[in-house]
Amino acid sequence: MAYDSRMGYDPDRKLTEGDVHDLKPDGWWGDDGMLFREFTFDSYQAGVDFAVQVAALAEQQGHHPDIHLFYKRVRLNYFTHDAGGITGADIAGAQAVNDLVDLSAKPLDGAES
């Protein structure tokens, strides 16, 4: 990404490709300065519901991914615009999404399957 002074670009916050590779949560990929993951669902509605949960999580964190909604698929892209790449906030956001997915996969009574 080219420098744009209007964005308050701070390259010191941007993680190196090696850092991204080492820190990215399971299932996530880093490429072209973006952290991304695609999720597949049984129905369109399930994907929409997931996107709404991610949006609520992002509001809590104050750091928002791009959410791309497709039929039975949702793709999330994390990128810190003012740093010009991936930062610790993106890693934290991706991990929080993974935690959200893990939490929703567990039985409500807390029992392990």
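Residues numbered from 1 in each chain as written. Predicted model: local features only at pLDDT ≥ 70, side-chain atom pairs only at ≥ 80, totals over all residues. Heavy atoms only, no water.

### Description of the packing of aromatic side chains
Move 1: Considering all chains together, one arrives at four aromatic pairs under this definition.
Move 2: Among the aromatic residues, ring-to-ring pairing joins W28, F39, F41, F50 and Y78 into one connected group.
Move 3: Across the ring face of W29, the terminal group of K24 is positioned such that the distance to the ring centre comes to 5.4 Å.
Move 4: Its guanidinium or amino end placed over the ring of F36, R75 lies 4.2 Å from that ring's centre, counting from NZ or CZ. (Phe/Tyr/Trp six-rings, centres within 6.5 Å; stacked < 30°, edge-to-face > 60°. Lys NZ or Arg CZ within 6 Å of the ring centre and 35° of its normal.)

### Topic: the pairing of strand β4 (residues 73–78)
Move 1: Across six bridges, the pairing between strand β2 (residues 34–40) and β4 is antiparallel. By the bridge assignment, F36 is partnered in β4 with N77.
Move 2: The turn joining strand β3 (residues 66–70) and β4, which pair antiparallel and follow one another in sequence, is formed by two residues; a positive phi near 65° is taken by K72. (Pairing = 2+ DSSP bridges. Helix = DSSP H or I, 4+ residues; strand = E, 2+ residues; numbered from the N terminus.)

### Side note on unusual backbone geometry
Move 1: One non-glycine residue, K72, adopts positive backbone phi at about 65°.
Move 2: Relative to the helices and strands, K72 is located in the loop between β3 and β4.

### Here we look at the pairing of β3
Move 1: Here β3 pairs with β4 via five bridges, running antiparallel. Across the sheet, residue L69 finds its bridge partner in β4, namely V74.

### Details of the pattern of salt bridges
Move 1: Under the defined criterion, the tally for this structure stands at two salt bridges.
Move 2: Note that R13 is salt-bridged to D82, the shortest N-O span being 2.9 Å. Of the two residues, R13 is situated in the segment before α1 (17–23) and D82 in the loop between β4 and α3 (88–105); the sequence distance between them amounts to 69 residues.
Move 3: On the basis of relative accessibility, which here comes to 35%, the residue R13 falls in the partly exposed class.
Move 4: Taking the relative accessible area as the measure of exposure, D82 reaches 31% and is therefore partly exposed. (Salt bridge = Lys/Arg side-chain N within 4 Å of Asp/Glu carboxyl O. Buried < 20%, exposed > 50% of the residue type's maximum accessible area, 1.4 Å probe, protein only.)

### A closer look at a nonpolar patch on the surface
Move 1: Taken together, Y44, L69 and Y71 make up a surface patch of nonpolar side chains, about 340 Å² in accessible area.
Move 2: Looking at where Y71 falls in the secondary structure, it is placed in the loop between β3 and β4.
Move 3: In this structure Y71 comes out as exposed when scored by relative accessible area, which is 59%. (Patch = residues over 30% accessible without salt bridge, like charges linked within 9 Å, V, L, I, M, F, W, Y side chains within 5 Å. Areas by Shrake-Rupley, 256 points an atom, 1.4 Å probe, with all protein chains shown as cover.)

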